Structure formats: C-alpha cells, structure tokens
Amino acid sequence: MRFVADIRRRNSHNLSTLRDSPLHELSGSLGDLGTLLPLLIALTLQNSISLSTTLVFGGLANIATGVLFGIPLPMQPMKAIAAVAISRSFSEKETAAAGLFVAAVIAIFSLTGLLRWFGKVIPIPVVKGIQLGAGLSLVLSAGSSLLQPLGWTKPSWADNLIWGLLAALFLLLTTSMPRVPYALVVFLSGLLLASLQLSTSSVTSGTSFWHPHAFIPSGSDFRVGALDAGLGQLPLTTLNSIIAVAHLSTDLLPSIPAPSVTSLGLSVAAMNLLGCWFGAMPVCHGSGGLAGQYRFGARSGSSVIVLGAVKLVLGLFVGQGLVSLLQRFPKALLGVMVIAAGVELAKVGESLNTGARDLWEEAEQEDDQNGEWTIEARGKRARTPSELERRERWMVMLVTVAGLLTFRNDAVGFAAGMLCHWSLKVSEWWERWRGARSRRISLPFAMGRRPGRGSEVDEHLLDRNSDAPDEDLL
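Residues numbered from 1 in each chain as written. Predicted model: local features only at pLDDT ≥ 70, side-chain atom pairs only at ≥ 80, totals over all residues. Heavy atoms only, no water.

> Any details on the overall build of the chain? Residues and values, ideally.
When helices and strands are counted, the chain shows 21 helices and 2 strands. Put simply, the chain has 474 residues, and 49% of those count as buried. Summarising the internal contacts of the chain: among those between residues at least 6 apart in sequence, 82% fall at separations of at least 24. For the chain, the exposed area adds up to about 23300 Å²; of that, 64% sits on carbon and sulfur atoms. (Helix = DSSP H or I, 4+ residues; strand = E, 2+ residues; numbered from the N terminus. Buried < 20%, exposed > 50% of the residue type's maximum accessible area, 1.4 Å probe, protein only. Contact = heavy atoms within 4.5 Å. Areas by Shrake-Rupley, 256 points an atom, 1.4 Å probe, with all protein chains shown as cover.)

> For the packing of helix H11 (residues 219-252) against helix H13 (residues 287-295), give the residues involved together with the corresponding values.
It is the contact of H11 with H13, at a shortest axis distance of 8 Å, that shows an interaxial angle of 30°. Relative to H13, the element H11 is oriented roughly parallel. For the pair H11 and H13, the contacting residues are Asn240, Ala244, Val245, Leu248, Ser249 and Leu252 in the first and Ser287, Leu290, Ala291 and Tyr294 in the second. Looking at the contact of H11 with H13 residue by residue, the class counts come to 7 nonpolar, 3 polar and no charged. (Axes fitted to C-alpha atoms, helices over the stretch in contact; angles between N-to-C directions. Parallel < 35°, antiparallel > 145°, perpendicular 65-115°, else oblique. Nonpolar A, V, L, I, M, F, W, Y, C, P; charged D, E, K, R; others polar.)

> Quick rundown of a nonpolar patch on the surface? Include the residues and the values.
Taken together, the side chains of Trp152, Ile162, Leu165, Leu166, Leu169 and Leu172 define a hydrophobic patch exposed on the protein surface, amounting to about 630 Å² of accessible area. Relative to the elements of secondary structure, Leu166 occurs in helix H9 (residues 161-174). Take Leu166: its relative accessible area is 46%, and that puts it in the partly exposed class. (Patch = residues over 30% accessible without salt bridge, like charges linked within 9 Å, V, L, I, M, F, W, Y side chains within 5 Å. Salt bridge = Lys/Arg side-chain N within 4 Å of Asp/Glu carboxyl O.)

> Now, about helix H10 (residues 182-199): what can you tell me, with residues and values included?
Taking 1.5 Å per residue as the helical rise, H10 with its 18 residues ought to reach 26 Å, and the 26 Å between its terminal C-alpha atoms agrees with that figure. Considered for burial, the residues of H10 that qualify are Tyr182, Ala183, Leu184, Val186, Phe187, Gly190, Leu193, Ala194, Gln197 and Leu198. Packing partners of the buried residues in H10 comprise helix H2 (22-28), helix H3 (33-45), H9, helix H15 (323-327) and helix H16 (331-346). (Expected span 1.5 Å × (residues − 1).)

> I'd like a rundown of the nonpolar core, residues and numbers included.
Residues Ile106, Tyr182, Ile242, Leu248 and Met281 are the most contacted members of the largest nonpolar core, which totals 85 residues. No other element matches H11, which puts 10 residues into this core. Setting aside residues no more than four positions away along its own chain, Met281 makes contact with Leu36, Leu40, Leu43, Ile49, Thr54, Pro77 and Asn272. If you look at the next biggest cluster of nonpolar residues, it comprises 5 residues, including Ala346, Leu352, Met397 and Val401. (Core = buried A, V, L, I, M, F, W, Y, C linked by side-chain atoms within 4.5 Å.)

> Provide a residue-level description of the packing of aromatic side chains, including the pertinent values.
If you walk through the whole model with that rule in mind, you get 7 aromatic pairs. Here Phe109 and Phe118 contribute two aromatic rings whose centre-to-centre distance is 5.8 Å and whose plane-to-plane angle is 90°, an arrangement assigned as edge-to-face. On the basis of relative accessible area, Phe118 is assigned to the partly exposed category, the value being 23%. Between the aromatic rings of Tyr182 and Phe296, the centroid separation amounts to 5.5 Å while the plane-to-plane angle is 15°, which identifies the pairing as stacked. Here Tyr182 is found in helix H10, whereas its partner Phe296 is found in the loop between H13 and helix H14 (302-317), with 114 residues between them in sequence. Each member of the aromatic cluster is reached from another via a ring pair, and the members are Phe57, Trp210 and Phe278. Taking the ring centre of Tyr294 as reference, the NZ or CZ of Arg299 above it sits at 3.7 Å. (Phe/Tyr/Trp six-rings, centres within 6.5 Å; stacked < 30°, edge-to-face > 60°. Lys NZ or Arg CZ within 6 Å of the ring centre and 35° of its normal.)

> So what's going on with the packing of helix H6 (residues 92-112) against helix H7 (residues 114-121)? Residues and values would help.
The axes of two packed helices give the description: the angle between them and the distance between them. Where H6 meets H7, the closest approach of the two axes is 4 Å, and the angle between their N-to-C directions is 75°. Classified by the angle between their axes, H6 and H7 sit roughly perpendicular to one another. Residue-level inspection shows Ile106, Phe109, Ser110 and Thr112 of H6 in contact with H7, the latter providing Leu114, Leu115 and Phe118. Looking at the contact of H6 with H7 residue by residue, the class counts come to 5 nonpolar, 2 polar and no charged.

> I'd like a rundown of H6, residues and numbers included.
Residues lying three or four places apart along an α-helix face the same way, a consequence of the helix completing one turn every 3.6 residues. The end-to-end C-alpha distance of H6 is 30 Å, a good match for the 30 Å that 21 residues give at a rise of 1.5 Å each. The element H6 is extensively covered by neighbouring structure, given that 15 of its 21 residues are classed as buried. Just downstream of H6, Gly113 is the residue with a positive phi angle, here 85°.

> Now, about unusual backbone geometry: what can you tell me, with residues and values included?
That bond from Lys154 to Pro155 is cis: its omega, 5°, falls within 30 degrees of zero. For Pro155, the location among the structural elements is in the loop between helix H8 (124-147) and H9. Backbone geometry places Ser89, a non-glycine residue, at a positive phi of 50°. By the secondary structure assignment, Ser89 is in the loop between helix H5 (79-88) and H6.

> Run through the side chain of Asn160, naming residues and quoting values.
With respect to the helices, strands and loops of the structure, Asn160 is situated in the loop between H8 and H9. Of note is the side chain of Asn160, whose polar atom sits 3.0 Å from the backbone oxygen of Ser156. A distance of 3.3 Å separates a polar atom in the side chain of Asn160 from the backbone oxygen of Trp157. Residues in contact with Asn160, not counting those within four places in the same chain, are Leu150, Gly151, Trp152, Thr153, Lys154 and Ala332. (Polar contact = N/O pair within 3.5 Å; in protein donor to acceptor, adjacent residues only side chain to side chain.)

> Requested: an account of the confidence of the model for the chain, with residues and values cited.
Of the residues in the chain, 85% have a pLDDT of 70 or more, and the chain-wide mean is 81. Looking over the chain, one finds the lowest element-wise mean pLDDT in helix H18 (residues 375-380), namely 41, and the highest in H6, namely 95. Here residues 366-380 is a poorly scored stretch, pLDDT under 50, and it has 15 contacts once near neighbours within four places are set aside; other chains count. In this model residues 464-474 is a low-confidence stretch, pLDDT under 50, and it forms 5 contacts with partners more than four residues away in sequence or in other chains. (pLDDT = per-residue confidence, 0-100.)

> Now, about the side chain of Thr65: what can you tell me, with residues and values included?
On the secondary structure map, Thr65 appears in helix H4 (residues 51-69). Take Thr65: its relative accessible area is 3%, and that puts it in the buried class. Apart from residues no more than four positions distant in its own chain, Thr65 is found in contact with Gly70, Leu73, Met75, Ser267 and His285.

> Explain the environment of Pro38 to me, using residue names and the numbers behind them.
Mapping Pro38 onto the fold places it in helix H3. Among the residues examined, Pro38 registers a relative accessible area of 30% and is labelled partly exposed. Once the C-alpha coordinates of Pro38 and Leu146 are considered, the two residues, 108 residues apart in sequence, prove to be 9.1 Å apart. Setting aside residues up to four positions removed in sequence, Pro38 forms contacts with Leu33, Leu146 and Leu334.

Spelled out as structure tokens, the structure:
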C-alpha cells in the first residue's frame, strides 16, 4: 500500500509540474540529446543496434521511470560498450551480449544488497569526484569530437562554428531568463536546419514500421561482448549511472524522494534484460543526462514521460527513416548542449563541504546521540567540517577527478580517490587503535588490580571459599 501511495504522490507531482510549466518540462526532456544522438546514429549506421527497437524500448523505459521515480531520469547509451562496438564494428548479437552481461551483473548486485553496501561505504568526496570528472569529461568530449572539427563555414552552411557561437550566446542570455526553454528552441532549430539540408540532397527519408525480431547471442558473442566491452562498462554503470545518480537527485531535487541505489540498479537491469534480445542499444541512467535535463528545465518525471511517448511513436511508425535526418543534425548545436550539461553536472562539486549528504547524515547522528531528535535537527542542520577536514575532502575529490580525466576511465578515478581517502585516514585509524589498546591495558588497573596480585574482588571471593572466617564477613 505504501508503494502505491508513493506512486500516486509522484505522479500527482508530475501532473502539477507539467500543468504549471509545460515548456520547461518539454525543454528539459531534450537535455541529454547531445550525448544520445551521436552514439545512437553511429551504432545504427554500422548495424550494431536496431534504431526502431531502441526507440520503442527506450520510450517504454522513459515512461516507466517517469511514473515510478517522478524525476527526469535519463536513458543514455552505455558509453564504454558503445565505444568498443563502434571501434570494432560489433554485430547486433555481440552488442546485445555486452548489454545482457552488464545487466545480469547489476541485477545480482542489486538483489544481494551489494549496491546498497557500495553506496554506504564509498566516501562522498569520491562520489563528488566522479560527478565532477564526468561533467568535465562531457565538456572535453564536446570540444574534441563535436566542435573542434568544425570551421567557420564548414562542413556546411547549416553546421559550423558560427551556429555554435550563436547557440552559446543564446545560452548565456537565457541563463538569467529561466522561463525561456533553451533546449526546446535549439532542438527545433536543429531539426529545421537538418530538414533543409535533407531537402536539398538526393537522399530521402520515409516511414518504416517496426518489425521486432528476437535472437539469442551465441557463446562466442557473449565471450566477445562480455570480455571486450562489458567488463569496462561495469564500473562506469555502478558509479556514474547508479550511485552518482542517487546522490545527484538529492542535490538537484531535494523536495522529491531520491531513488535508492537498489531501485536504480534494478531499473538498469530490467531495461537491458528486456530490450537487448531484440537489438536495442544497451542503456543506463547517467548523472550527466540528469544534470542536462535539470539544466534545461525538467523538474519532474513528466518530462521523460513525454519524451518516452514521442520515442515510442517514432519507433513504431518511423524507425530507420530517421537516420538520414539525424545524421544532418548540426553538431555545433549538439556540442553547446553537451557543454551546458557538463557544466551543470560539474557544479555539484561546489557543495562538497557545505551541505553534502554525509555532513547532513552525521549531524543527524550527533543529534540522535544527544537525545535531540527534532524536525529542525533532522532536516535543516548540517555539521560544519574543520579546516583540516575540508582540505582533505577537497584533496580526495580532486585526486578522483585527476585519475578519471587522465585515463578517461571512471574505475581509475574511483581507485585513485579511494587510495587517497585511505592514505589520509591512516593516521586517524592508528590513533584510534592506540587509544583502544591503551584502554584495554588500563582496564585491569581501573578494576583495582595491582601488579603481582588479583583484584580486591577476587580476594573477597577467595576469602569466602576459605575455611577460616573473614572478619569483614562477620
């Protein structure tokens, strides 16, 4: 009954938010297109996935997550799998095998409680470092892969640095005007430019109805997909798609109950265990996508529900006919949108020492120990870290970012951050151990023991059992 009540409450919030600010929700739903479209198009063109199937299952997943979680939770490509699949020209079965492997492992982590344990033991500075590093990675990738190849008038009149500059200036102007649906305006402008380019070419795009076909990857497909692409995706999905998203939703949308890491893990597992058998692209949630959708106006699950409905219709009735149009979508506009999403994600590092999740929780625990469990203590007061602790937390976060950006790998950044965290805690652990050891040594003396003889209590016991009566006992 509580589950049903939570669903009703979340969807009441979805409806009221959509009714109050429909343009913002529509604009926010497009906030993660900058990371979705390039990989989606590349995988489709080399037949590593089915575009129509990806749109159908992606649309259903968007609708389900919007209804169940009530936040603008994105559906993004599993980037490590996509990168390997593109570079090695994976078949549909090999790509599906990689997604199924990751989904199965995440499902095991979720059902056994390992994900929840990971979320508790991983320090907040490391999580913030993953978020900050992911945001900066988005900015760097937008510059290197989307904007850097462009010239002032090349590759075409509809896609060049001039359009990118105009989009950037429009972004700066709308920063102080939150009611302007930036992403919606830019996306519609990009579609118009792409349509004009398509109309002047000999290529035509039409409708293509969805014809689902299921398949079972072979043992060699699972070997190639799991070992060559799936293993590299596991830390990325666990850290950035699940743990970081759970923390980021708390930071960005504190008025909405944040999804647990277990529910997010089961969501990722379900999406891929259902869709990959039909050729859908392996997908996950992502902190970058959530930050992008929030940056462009999304504040509830209604944004992704609307996006999911559009995807579902396009997948069922258009499908592969979209490829030619999406290929011509201006990279200049996508690049600016990705940069904006990356900056929004990187901004969460600002709250590391001034309201981070672990500081609030520690303040609550302190209040509980003092017998002061009040609403104000539980909801509005955070512990202020000392200057030394602030420096140490910044150090851990920055080392995590450095490892992630240097090797372009979340797992390396995570390992670097954890090693830095442990190295800073060694002296604290040593002092605790020495204190506990000294208390154990001093305990016999506190009970009245003296070197070379038993305690006074022991002597009384011996006297009680002796044949001679003790004067004290008489």
